[in-house]
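What follows is the residue order along each chain.
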Amino acid sequence: MPARRLLRIGDLSPADVDALLDAALWYFPHIAAGELKLTTLRGFSTLLMFFEPSTRTRVSFELAGKLLGSDTISVTSSGSSVEKGESVVDTAQTLSAMGFHIAVVRHRSADSVELFAEHFAGAVINGGAGRGEHPTQALLDAAVLTRAGMLEAGRHLAIAGDILHSRVARSNIALLTSRGVKVTLVAPPPLMPPAWRAEPPTGTVWETDLDRVLPEIDAVMMLRMQRERMGGGMLPPADEYSALYGLDARRLRLLRPDAVIMHPGPVNRGVEVVEAVFADSRCRINEQVTMGVALRCALLCWACGRPLIPEEGGL
Ligand code: NCD
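Residues numbered from 1 in each chain as written. Predicted model: local features only at pLDDT ≥ 70, side-chain atom pairs only at ≥ 80, totals over all residues. Heavy atoms only, no water.

1. Topic: the packing of aromatic side chains
Argument step 1. Applying the stated criterion across every chain, the model contains three aromatic pairs.
Argument step 2. Between the aromatic rings of Trp-26 and Tyr-27, the centroid separation amounts to 5.0 Å while the plane-to-plane angle is 90°, which identifies the pairing as edge-to-face.
Argument step 3. When its relative accessible area of 0% is taken as the criterion, Tyr-27 is described as buried.
Argument step 4. Ring geometry for Tyr-241 against Tyr-245: centres 6.0 Å apart, planes inclined by 35°, an arrangement best described as tilted. Of the two residues, Tyr-241 and Tyr-245 both sit in helix H9 (residues 238-245), four residues apart, roughly one turn of that helix.
Argument step 5. Residue placement shows Arg-269 over the ring face of Phe-278; its charged tip is 3.9 Å from the ring centre. (Phe/Tyr/Trp six-rings, centres within 6.5 Å; stacked < 30°, edge-to-face > 60°. Buried < 20%, exposed > 50% of the residue type's maximum accessible area, 1.4 Å probe, protein only. Helix = DSSP H or I, 4+ residues; strand = E, 2+ residues; numbered from the N terminus. Lys NZ or Arg CZ within 6 Å of the ring centre and 35° of its normal.)

2. Remarks on empty space enclosed by the protein
Argument step 1. Applying the stated rule across the entire model yields one cavity of 30 Å³ or more.
Argument step 2. Taken as a whole, the largest cavity encloses approximately 40 Å³ of empty space.
Argument step 3. A breakdown of the residues in the lining of the largest cavity according to their chemical character gives six nonpolar, one polar and two charged. (1 Å grid on protein atoms, 1.4 Å probe; cavity = no way out; pocket = protein on both sides within 12 Å on 5 of 7 lines; lining within 4 Å. Points joined across faces, edges and corners; volume = space filled by probe spheres on them. Nonpolar A, V, L, I, M, F, W, Y, C, P; charged D, E, K, R; others polar.)

3. Considering the sheet that holds strand S8 (residues 204-207)
Argument step 1. Strand order across the open sheet formed by five strands is S8-S7-S6-S9-S10, with parallel pairing between neighbours. Looking at which strands have only one partner, the edges of the open sheet turn out to be S8 and strand S10 (260-262). Neighbour-to-neighbour, the strand axes of this sheet turn through a mean angle of 20°, independent of strand direction.
Argument step 2. Sheet topology note: the strand S6 (residues 156-160)/strand S9 (residues 219-222) ladder contains four bridges and is parallel. Within S9, the residue paired with Ala-158 across the bridge is Val-220. (Pairing = 2+ DSSP bridges. Axes fitted to C-alpha atoms, helices over the stretch in contact; angles between N-to-C directions.)

4. Some remarks on the packing of helix H1 (residues 14-33) against helix H12 (residues 285-303)
Argument step 1. H12 packs onto H1 with a crossing angle of 125° between their chain directions and a minimal axis gap of 7 Å. By the criterion of interaxial angle, the relationship of H1 to H12 is oblique. In the packing of H1 onto H12, the handedness of the crossing is right-handed. Along its contact with H1, which presents Asp-16, Leu-20, Ala-23, Ala-24, Leu-25, Tyr-27, Phe-28, Ile-31 and Ala-32, the element H12 presents Glu-287, Thr-290, Met-291, Val-293, Ala-294, Leu-295, Cys-297, Ala-298, Leu-299, Cys-301 and Trp-302.
Argument step 2. Considering only residue class, the contact of H1 with H12 consists of 17 nonpolar, one polar and two charged. (Parallel < 35°, antiparallel > 145°, perpendicular 65-115°, else oblique. Left-handed = near helix turned anticlockwise from the far one by under 90°. Contact = heavy atoms within 4.5 Å.)

5. Topic: the domain arrangement of the protein chain
Argument step 1. Taken domain by domain, the protein chain comprises domain 1 (5-133 + 289-304) and domain 2 (149-283).
Argument step 2. On a C-alpha basis, the centroid separation for the pair domain 1 and domain 2 is 26 Å.
Argument step 3. Between domain 1 and domain 2, the contact holds 16 residues from the first and 14 residues from the second.
Argument step 4. Carbon and sulfur atoms supply 51% of the area buried between domain 1 and domain 2, which totals about 1,200 Å² over both sides.
Argument step 5. Interface area lost by domain 1 to domain 2 is led by Ile-9, Arg-56 and Arg-131, which between them contribute 47%.
Argument step 6. At the boundary of domain 1 with domain 2, the tally comes to two salt bridges.
Argument step 7. The shortest N-O distance in the salt bridge between Asp-18 and Arg-179 comes to 2.8 Å.
Argument step 8. There are six residue pairs in polar contact (both at pLDDT 80 or more) connecting domain 1 and domain 2.
Argument step 9. Of all the secondary-structure elements, those providing two or more residues to the side of domain 1 that touches domain 2 are H1, strand S4 (102-107) and strand S5 (123-129). (Domains from an automatic or database assignment. Buried area = accessible area lost by both parts, 1.4 Å probe. Salt bridge = Lys/Arg side-chain N within 4 Å of Asp/Glu carboxyl O. Polar contact = N/O pair within 3.5 Å; in protein donor to acceptor, adjacent residues only side chain to side chain.)

6. Focus on the layout of surface pockets
Argument step 1. Each pocket or cavity is described by its volume, and for the largest pocket that value is around 410 Å³.
Argument step 2. In terms of lining, the largest pocket is formed by 20 residues, of which the most central are Arg-106, Arg-167, Arg-224, Gly-265 and Pro-266.
Argument step 3. Mapped onto the lining of the largest pocket, the elements with two or more residues apiece are helix H2 (56-67) and helix H6 (167-178).
Argument step 4. When the residues that make up the lining of the largest pocket are grouped by side-chain class, the tally is five nonpolar, eight polar and seven charged.
Argument step 5. Residues from two domains meet in the lining of the largest pocket; each of domain 1 (5-133 + 289-304) and domain 2 (149-283) gives at least three.
Argument step 6. In this structure, the second largest pocket spans a volume of roughly 160 Å³.
Argument step 7. Along the wall of the second largest pocket there are 16 residues; nearest its centre are Arg-56, Ser-60, Val-289, Gly-292 and Arg-296.
Argument step 8. The class makeup of the residues in the lining of the second largest pocket is seven nonpolar, seven polar and two charged.
Argument step 9. Counting contributing residues per domain, the lining of the second largest pocket is built from domain 1 (5-133 + 289-304) and domain 2 (149-283), each supplying no fewer than three.

7. Some details on the site of the ligand
Argument step 1. Surrounding the ligand, one finds Arg-56, Thr-57, Arg-106, His-134, Gln-137, Arg-167, Val-168, Arg-224, Gln-226, Pro-264, Gly-265 and Pro-266.
Argument step 2. Within the side chain of Thr-57, a nitrogen or oxygen atom sits 3.1 Å from an oxygen atom of the ligand.
Argument step 3. Here a nitrogen atom of the ligand and a backbone polar atom of Gly-265 are 2.9 Å apart.
Argument step 4. Across the complex, the protein chains shield 94% of the 320 Å² of accessible surface that the ligand would expose by itself.
Argument step 5. More than half of the atoms belonging to the ligand lie within 2 Å of the grid points that define the largest pocket.
Argument step 6. Sorting the residues of the shell around the ligand by element identifies H2 and H6 as the ones contributing at least two each.
Argument step 7. Composition of the shell around the ligand by domain shows at least three residues from each of domain 1 (5-133 + 289-304) and domain 2 (149-283). (Near = heavy atom within 4 Å. Areas by Shrake-Rupley, 256 points an atom, 1.4 Å probe, with all protein chains shown as cover. Sits in = over half its atoms within 2 Å of the grid points.)

This is the structure:
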């Protein structure tokens, strides 16, 4: 079997996506109950190569690997030879020579994740590629939406905030529109990619007024302002941003009673969402974190060509 690659949502067939979502929903209650311990990936080794900061993505992959019996090793750029100037190509070749079966890679440049994949013999999963894609986040979000009965043609979801810098938005747009979900992108012009201001991606529309959109939608995904990707000049002050695009107590009342509220994290409390959002029964932010482990269990099995759900179907 040639090594599997998940660099973008488009790398997966619709059947792959269905199988991964089904499996994530199978793992979810076991992860939530803290009762999973399997041997599916015994004998497989997983490398987590994170050249950019991460809590949720890195730890959930590490936990998923360990729960499935894989040897899992985490490398960050600080403390590795990348700090001494080793190139992405040399790093990929070196770690490939150690015989790792899977690498999960995050880098601030999307091209570097591609380059790593070209020089690594095993399976490669994109753990967040610059302003490119973040396919595992979109898959876990889709699993949460499936659980809420919202991953269906004709549903309407808004992605609000810093679309320009968001790999989460790019992967979610690809996955959601492929399922016929209508996506409204809500952002001020400076936080919208210039090409999309003229023509938003197929299946999406662009709005600048969050208040107008909120009463109409089934789900909203709030995005963090990616300050680390902004030059000083374009930084809107946090209070100005949250007045226009933050989910606060007044805007919570505009949302339908059965709406779903999501955020990929990390959250800037008081900027994209206020504290009250976490106490709201419509908020799925913690469920997204649990689903992150469940989805990554399924994905590591997929990457190794193993059954996504244990064959006996039980523990
Ligand atoms: C996102 C990321 O790193 O792209 N976070 C995540 O993976 N959970 C979003 C963000 O950093 O704002």
